[in-house]
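# Examination of the molecular architecture
Residue strings, one per chain:
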Amino acid sequence: MLRLIPDNTKIGFMAARKFCYGLSILGIVASIALFFSVGLNYGIDFEGGLAVEIGTTNDSAIDIGHVRGSLSDLGLGDVSVQEYGRPSEALIRVERQPGDDAAQKAALDLVRATLEKTVPDVSFRQENVIGPKVSGELKRDGIIAISVALAAVLIYIWFRFEWQFGLGAVIALFHDVILTIGFFAITQLEFNLSVIAALLTIVGYSLNDTVVVYDRIRENIRKFRKMEVPELIDFSLNQTLSRTTMTSFTTLLALLGLYIFGGEVIRGFTAAMIWGIFVGTYSSIFVASPLLTLMKLDREHMFNDVQDNDPTVDKSRSVDPFAN
Amino acid sequence: MSTYPRWKLLLILGVCLFGFTAALPNFLSEQQRAELPDFLPSKTLNLGLDLRGGVHLLLEAKTDDIIEGRLENLAGQVRDIRRNEKDINFTGVRIEGRSVIFSVSDEAMIEKARVALLPLTQASAGLGGMMGATVQEVAIEREGRKFTLTLTDEGISMQARDAISRALEVVRKRVDPDGTREITLQPQGDNRIVLQVPGESDPQRLLSVISTAAKLSFHDVNTNISPDDIARGRIRSSEKVLPVRGGGEMVIEKRAIVSGDDLVDAKAAFDQNGQPAVAFAFNTSGARRFGNHTRENVGRPFAIVLDNEIISAPRIITAILGGSGQITGIGGVEEAQELATLLKAGALPVPLEVMEQRTVGPDLGADSIAAGEVAAVIGFLAVVAYMFFGYGWFGIISNIALFTNVLLILGALSLFQATLTLPGIAGIVLTIGMAVDANVIIFERIREEQMAGRKPFAALSEGYGQAMSTVIDANITTFIAAFVLYFLGSGPVQGFAVTLGIGIITSVFSAVVLTRLILTTWLNRARPEKINI
């Protein structure tokens, strides 16, 4: 069988934890610094303004420089023109116009008219105009969505696990979200609505990974009462390592297909997801799990909890309605 | 040996079969779909605008205009009281902010005025609101002889909702007069409308249709005023100056003889000279007023005013008693047709402002579908190949589950007519990658149990049992994210949340329930010494 990980590995993850803490803290600090210095390349969803995607009806290449020149003469402020996927397509972005929504529309008319003159056989593939009010709301809604998702997930973990696990999982989540924002600050990929969706999916995915490992750690704490915590975490991580890599790999395979063949429109979205898979996998192994050693696990309490609302022991079987 | 009760078996197979039949129409031609028997679902995927091309507009009613109109109206009601009630005299009626302010000229009038004003401040049943809920639209305050009538926030939002619900109908009639274009038109919040027109590639045309108020009215013309008087503004307060289409100005009576509200029909036609025109018909009361006016004013012109512009001012040759007529001087045939549609739909109760405009051309939509399909197929094949090489026979079973899963997602999306967007396709691809996760967790567990010395049946049973809570936990976390996205996201992002959410449910079913059924059946038949996993 083709396996990424051999059976019965005994990798000492915990030995590397100091190094990984350092690495993660460095990453987080760098991400925050980049966010406030360089900033994100917000799409028009959040900034307002207009974006026009053009192509040519006969697939002839578009002279980007020429288009840029003619559009910057219009006095519309910051205008960016870039090739979009292939030479016969281009994306034009114009910053939000001062004034109300009608001003945005007037700018669009002007851009359209200019493009019709400068690009032979132009076809308008996509046009988006976002007014200042809506972009502000979308930004607010995005922040609310992420906060609510984090809060919901926190509540869920809090119910399902002891508080130490909950805290560890949430730290790992913030770690992933912050590093992903740092990724967007470095690459200057467009940060738009669909990236918010990607961020939330990363939250779900990373937690998924963390929960699988935590489930195993908790189970082993009950099984091996004598084992030291660091050793026990290492043991659990090795046990679940095969699954962790398998799942990350299959998800990555599917996402790569999407990244390469899915077209320009969702490339930023897939890039975020791919990055998120890496960061999420890393954080559940090297951040979320080792963090448990820093917080005092109340093992006595957990042993006595067996009869209680415990998912990893016997209750699990009654969860499955199709079990015999 | 373990056996499944028959009902469980039937239930599991039934769900699969139902999902397959729901997904089936997507793989048939239109003709084949028409031939499907009635009891089978025949709906295909409902593609979002980003995939089929079209225009998405977010429109906002200018609340200020609504407030202004309501204040004018309120001031008018106050003046009516002054005119109709002999013992009450109001002075200094004016509009300030959101209030109408005035004073009674004598202390003795205060009580009478209070009674007379009472009807204005009475709570009215919420228009379009909840049943039985009443809203106090106007609050009254008095300070000495000074009265202040103020519009309440609830009253304003009620007015806005009412204007929006009327505007919805007008926009629908204008954009889709024949009801054949599958447009989506929804109110959003108190004062917004979302309009989606699939297949439309010219937002300009759409915008011009929406942004026209189409306020039509017929007015008497004052012909005794010289251009010099107009220039000096020497006109009566009951009159106003309006531009004439094609140049020039005219003075007309502010009060309309008849307005567009009384129109019952309008269609494009040609006048006696073969020029494009719009033929219209009034309702009974409109016809009567128009008839009376034309009978008394033969020989004089009247002005046809559309959105504060005089389109034409024909001379009345004979009384027009039938309640129908023609508007000439319109321009081209297309303009006549557009005007007829606008007039028939009625005037917009409130101007609409475009807050957000997204247009996807048909090429891009088709390209996106193609790209999404390729990506999904390649992602699927890559995962299938990997699972096969990683788990052999078990991999095949998990691939059967994966295939079932994809069909179930397509079936569910078609059945519920959830909108499939490009991020939605990404959601399906992502689900393909993550769906095998449950299998991986279970298979790894079975391997462990076997390595720990368990026999196949026990290993299988333990593997599923032990893995179950982990699988549920892992999926619930992603489901929470999808849930939040659905309720807080918009448009394409919501589409992503829907496919992700459906994908999680179907993948747990196919990856846990279905594979267990297959594996148990296989173990019963083959009875291997050892599971090769």
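For the structure itself, consult the block above.
Rules behind the numbers
Residues numbered from 1 in each chain as written. Chains lettered and ligands numbered in written order. Predicted model: local features only at pLDDT ≥ 70, side-chain atom pairs only at ≥ 80, totals over all residues. Heavy atoms only, no water. Helix = DSSP H or I, 4+ residues; strand = E, 2+ residues; numbered from the N terminus. Buried < 20%, exposed > 50% of the residue type's maximum accessible area, 1.4 Å probe, protein only. Polar contact = N/O pair within 3.5 Å; in protein donor to acceptor, adjacent residues only side chain to side chain. Pairing = 2+ DSSP bridges. Axes fitted to C-alpha atoms, helices over the stretch in contact; angles between N-to-C directions. Salt bridge = Lys/Arg side-chain N within 4 Å of Asp/Glu carboxyl O. Contact = heavy atoms within 4.5 Å. Buried area = accessible area lost by both parts, 1.4 Å probe. Nonpolar A, V, L, I, M, F, W, Y, C, P; charged D, E, K, R; others polar. Core = buried A, V, L, I, M, F, W, Y, C linked by side-chain atoms within 4.5 Å.

### What to know about the side chain of A:Asp215
Looking at the secondary structure, you find A:Asp215 in helix α7 (residues 193-223). When its relative accessible area of 1% is taken as the criterion, A:Asp215 is described as buried. Among the polar contacts listed, one links the side chain of A:Asp215 to the side chain of B:Thr470, at a separation of 3.2 Å.

### Digging into the sheet that holds strand β8 (residues 146-151) of chain B
Two modes of strand pairing occur in sheets, parallel and antiparallel, and in both the strands are linked by backbone hydrogen bonds. Residue and element names in this part refer to chain B. Across the sheet, 4 strands lie side by side as β3-β4-β8-β7; this open sheet has antiparallel pairing. Single-partner strands in this sheet number two, and they are β3 (90-96) and β7 (138-143). Ignoring strand direction, the axes of neighbouring strands in this sheet form an average angle of 20°. As paired strands, β3 and strand β4 (residues 99-104) are joined by 5 bridges and run antiparallel to one another.

### Topic: the pattern of salt bridges
A full pass over the atoms with the stated rule returns 45 salt bridges over all chains. The salt bridge partner of A:Arg86 is A:Glu89, with a shortest N-O separation of 2.7 Å. Residue A:Arg86 is classed as partly exposed on the basis of its relative accessible area, which comes to 37%. Residue A:Arg243 is joined to B:Asp437 by a salt bridge in which the shortest nitrogen-to-oxygen separation is 2.6 Å. Here A:Arg243, found in helix α8 (residues 229-261), pairs with B:Asp437, found in helix α13 (residues 422-451), and the two come from separate chains. As far as burial versus exposure is concerned, A:Arg243 and B:Asp437 are alike and both buried. Residues participating in the shared-partner salt-bridge network are A:Arg216, A:Glu219, A:Lys223, B:Arg445, B:Glu448, B:Glu449, B:Arg454 and B:Glu462.

### Remarks on the interface of chain B and chain A
In this assembly, 77 residues from chain B lie in contact with 82 residues from chain A. Carbon and sulfur atoms make up 61% of the surface buried where chain B meets chain A, a total of about 6900 Å² over both sides. The largest per-residue losses of area from chain B upon contact with chain A belong to B:Arg358, B:Tyr386 and B:Asp473, which jointly make up 10% of the total buried on that side. Between chain B and chain A we count 9 salt bridges in total. For A:Lys133, the salt bridge identified is with B:Glu60, shortest N-O distance 2.7 Å. For the pair chain B and chain A, the interface holds 18 residue pairs in polar contact (both at pLDDT 80 or more). Mapped by element, the contributors of at least two residues to the side of chain B that touches chain A are α1 (6-23), β2 (54-61), α7 (203-211), β19 (352-360), α11 (362-391), α13, α14 (456-488) and α15 (492-526) of chain B. Classifying every residue of the side of chain B that touches chain A gives 42 nonpolar, 19 polar and 16 charged. Strand direction decides the pairing type here: strand β5 (residues 122-130) of chain A and β19(B), joined by 5 bridges, are antiparallel. Across the sheet, residue A:Ile130 finds its bridge partner in β19(B), namely B:Glu356.

### As for the nonpolar core
In this structure, A:Ile217 and B:Ile446 are the most contacted members of the largest nonpolar core, which totals 135 residues. If you tally residues by element for this core, the top one is α7(A), at 17 residues. When sequence neighbours within four positions are dropped, the list of residues in contact with A:Ile217 reads A:Phe165, A:Leu232, A:Ile233, A:Ser236, A:Ser289 and A:Leu292. With 26 residues, the next largest nonpolar core counts B:Ala61, B:Ala160, B:Ile210 and B:Ala345 among its residues.

Shape descriptors only; they carry no functional weight alone.
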